[in-house]
Structures are given as C-alpha cells and as structure tokens.
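Structural overview
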Amino acid sequence: MSPALPGYEQAAAIVASRIAQLCPLRPSSEGVELALAAGRVLAQPLIADRDQPPFARSTRDGYACRASEASSHRKLALIGSSRAGEAPAGPLTSRAAWEIMTGAPVPEGADAVIMLEHVELAQGQVRLLPPRTVKPGDNIVSQGVQARQGDELLPAGTPIQFGQIALAAACGYAALDVFVRPRVAILTTGDELAPVDSSPGPGQIRNSNAPMLAALVTAAGGDPWILPTAADTAQALDSALAQAADADMLLISGGVSAGKFDLVEPALARAGARFHFTGVRIQPGKPLVFGELPVGNMHTQGKNGTICVFGLPGNPVSSAVTFLLFAAPVLAALSGSRQSPPRFALARFASPAGKHSKKDLTRFLPATCSFKTMAGSLPEVSLIPMQGSGDLPALARSNCFLVIPEGAPPIDAGAIVRILLA
Ligand code: AMP
Ligand code: MG
C-alpha cells in the first residue's frame, strides 16, 4: 500500500476544500410549477406573504371562552358559532362561550377553547366539567406564532421536498424559482461493455454503470448525460473527453486501475487535467481519481475554466460507493444545495462477528439496515455476503454500506457501527 494515498477522511477533506471554492457560485435558475418542484433546490428565499397562522385558530372542536370563567365551572351562555372558513367574529362578551370548529378563527375576546368532550351542554349554556380547568392559550394557535408576514422562511439553497412544497403553497407560491440542475456527463469505458438492450458476446458484460450512475446523479440533483461508451484506446478516450467539455461535471467509469488497458488517467493528463488525488485508502474504490479538467465553455465553473472530474473504478460497487462518498457532495454544491452528502448514521451490528482483512483501508460494505426500530433502540444492520465489488445482486439487495474504519478490530455482534446511507 502506497503511504502517499490519502485515507478516507483526508480525501473527503480535499473534496470539501474544492467544494468551498464552488460555493460562492450561484447556478442559473428557472421557474417550475410548484407540484413539479420536489427534488429541486430553491433559488429564491421563501417569504411569508401573511402571518402563519393568518388568524388565531382553534385546534379543537369545542367552545371558545375566557379561561378564567370556564375554569370556575360556571355556566356560560352560547352566543355564537364559527366554522372553518368563516371570517373572524366576536366579540365574546363576559360569561359567554362561542361554539367553534377546528380550524375556525377564534372570536375576539376569547383566550381558550374548551373541548366538546369536556363540557356539559344544556339549554343554550355550556359548563366545563370539574375537575378540569383550562389556561389562556389552550387549544388555540395564535396569529403569527409560526411566522410573521415578510419573514424569510427558507433561504435559497434549500432542497425542496414535501414540507417545503406545503409551506410554499401556504404562502401563495404557485411556482418556484429553482436552480438549473447541473449537467453531469457519464462516460463509461471498457472494451467488454455491451449495451443493455443487446445480447453480450463471449467475454462481454452489459454496461450497468451507465444507468446506475444516471440514477445516482438524478437522486443527487443532477441532470445525467450519458455519453457513448469509449473503448480502451487512447484515441477513443481523447475524443470522448473532448465531448465531455460541455458538461458541468464529468464522471468516468472504469480504466483507472493499474492494468495495461487502464488508460483514463493518461488521457485526462493529455487533456490538461490536474489531479487532486489518484487513489484513496478505501475499499471498494481504491483507484478513485479526482481532478479538474480544463474546458473551453466556462459556463458554470467560472473563473478557472475547469470542471470537476471523477475517475470511478469500474466495478459497480466501487463506482456506487465512490460516487456517494465523493462525487455526490460536489454535485450537491453545483446544484446550489446547502445540504451536503454523504449521510452517515449509527446502527447496531446484527451479523455474526466476522474477521476482516485489509486493515489499512476504510471499508464500505453492502449491508441491509432495518429502520423499524423500537423506542430507544438503534437500527439493526447486517452485512450482505459479497463476492467481490462486481457483485451486483449484493449491491441491489443492500440499502446502505457498513463502514469499517481503517485499523478497526473485528466487529462483534451487537456493536454500534457507522453506516453510509445510500
Ligand atoms: P476497470 O475499472 O475498468 O478495471 O473495471 C473493473 C471491473 O468493472 C471489470 O470487471 C469491468 O468489467 C467492470 N466494469 C467496468 N465498467 C463497467 C460498467 N460500465 N458496467 C459494469 N461493469 C463494469
Ligand atoms: Mg476497464
């Protein structure tokens, strides 16, 4: 093992410092219909167009009242009724109550709502049943406690999911400005690769990395652009790299190991690439290459006229792991997102304890994690038996990767471990 190779943390720090240079960069934006905005990144701050809630609102079906009067258990005369959707009404006079439905505006003068189930109702009067009492504010959400009109509720750079969509809808955004997705070129290399829809010849395998990486890119907020597969020749790689110059980021799969036909690194060097690292002490994924490729267009990367390029090892598990660990954070930054992968979690190791070799590498092994935890317990993670990092069935059955740090002793069943979430 070459001591010159960075370990996982060091390689992650190199990627993070490159991301820090990207961060002032603001991608261009476009408008999308609110319903289509999930998975995108806000390019505008979300502003409250009115107080939230816009009026003091009852959270129960019951009777609006003055808490002190209701708590004395006297009978209160019913003097009005409000249902959801009606304009705020009132005033509530003293020794009176007001019928109210969930979501309706609380009448002026009331400071609590007593629940339907907690009163005695007779002859147009209600009485809170002893020994219950209420406090001012009970069962009411006051106007503006969640947000004030004009408040910035979410900053630009927030990834949009269901909660952000609901908030945007509540604030009257029928469309949102979102960042344009970065275009990520995917260049698979290898003489052995056959298209998915073909019958592979002897010695050939189907190109599974192209669609896999496209799916990873989409999930990470990018716009995948699959280039034609390049053969393992200098000429094929040179012309493929020239094509990729139109992208915002380049992922190359295969051809970065030490073999005779691993020609990607020299091709990148011929294209003028500068390397941040050419190998990391991880498994799978040790031959990973990260660098900068000069491009003519400069359309997103700005000043230095380069795009980030990753040479991912061709084995599918290696490609997936190295993407999640190193390419996904760069992609998140290019997409304008304030959230940065990778995501790790703690889990309890459920597999029988197994020995592991390769103590000088941080390992990321396909695993399944059950997140159906009981209160106070951690998710349980089990290793999936894997026959090498080309084991696609193992990859496809996994939902995370068990992290085994460099130099770690064998893991006992029941130990708390770290997992990389896919
Ligand atoms: P390489 O990184 O080019 O040395 O390839 C390592 C292993 O990954 C070899 O067994 C390749 O056949 C396999 N491989 C490379 N590219 C792909 C791909 N696009 N899809 C599936 N397997 C691949
Ligand atoms: Mg190859």
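Residues numbered from 1 in each chain as written. Chains lettered and ligands numbered in written order. Predicted model: local features only at pLDDT ≥ 70, side-chain atom pairs only at ≥ 80, totals over all residues. Heavy atoms only, no water.

Looking only at helices and strands, the protein chain has 8 helices and 26 strands in total. Taking 2.2 N^0.38 as the reference for a compact globule, 422 residues should give roughly 22 Å; the C-alpha atoms of the protein chain span a radius of gyration of 30 Å, well beyond that estimate. Across its three principal directions, the C-alpha atoms of the protein chain cover 95 × 55 × 40 Å. Each of the 422 residues in the protein chain was classed as buried or not, and the buried ones make up 46%. Once local pairs closer than 6 in sequence are excluded, the contacts in the protein chain between residues at least 24 apart make up 70%. With the model as given, the accessible surface of the protein chain reaches about 19,900 Å², and the carbon-plus-sulfur share is 54%. (Helix = DSSP H or I, 4+ residues; strand = E, 2+ residues; numbered from the N terminus. Rg over C-alpha atoms; globule rule 2.2 N^0.38 Å. Buried < 20%, exposed > 50% of the residue type's maximum accessible area, 1.4 Å probe, protein only. Contact = heavy atoms within 4.5 Å. Areas by Shrake-Rupley, 256 points an atom, 1.4 Å probe, with all protein chains shown as cover.)

To continue, consider helix H1 (residues 8-22). Over its 15 residues, H1 runs 21 Å from end to end, which matches the ideal 21 Å to within 8%, given 1.5 Å per residue. Among all positions in H1, only Tyr8, Ala11, Val15, Arg18, Ile19 and Leu22 are buried. Across the axial projection of H1, the buried residues extend over an arc of 105°, all falling on one side. Residues of H1 that are exposed and angled more than 90 degrees away from the buried face: Glu9 and Gln21. (Expected span 1.5 Å × (residues − 1). Arc of directions from axis to C-beta.)

Ligand 1 sits among 17 residues. The nearest are Glu192, Asn207, Gly255, Gly314 and Asn315. Here a nitrogen atom of ligand 1 sits 3.2 Å away from a polar atom, N or O, in the main chain of Ser208. In isolation ligand 1 has 480 Å² of accessible area, and contact with the protein removes 78% of it. (Near = heavy atom within 4 Å. Polar contact = N/O pair within 3.5 Å; in protein donor to acceptor, adjacent residues only side chain to side chain.)

Judged by pairing direction, the sheet is mixed, and its 6 strands sit side by side in the order S16-S13-S17-S21-S20-S18 without closing on themselves. Only two strands of the sheet have a single partner each, and these edge strands are strand S16 (223-226) and strand S18 (274-278). On average, each strand axis in the sheet is tilted by 20° relative to the strand beside it, whichever way the strands run. Pairing between strand S13 (residues 183-188) and S16: 4 bridges, direction parallel. Its bridge partner lying in S16, Val184 is registered against Pro224. Contacts from helix H4 (residues 209-219) reach S13, S16, strand S17 (249-253) and strand S21 (306-312) within the one sheet, and its direction differs from that of S13 by about 160°. (Pairing = 2+ DSSP bridges. Axes fitted to C-alpha atoms, helices over the stretch in contact; angles between N-to-C directions.)

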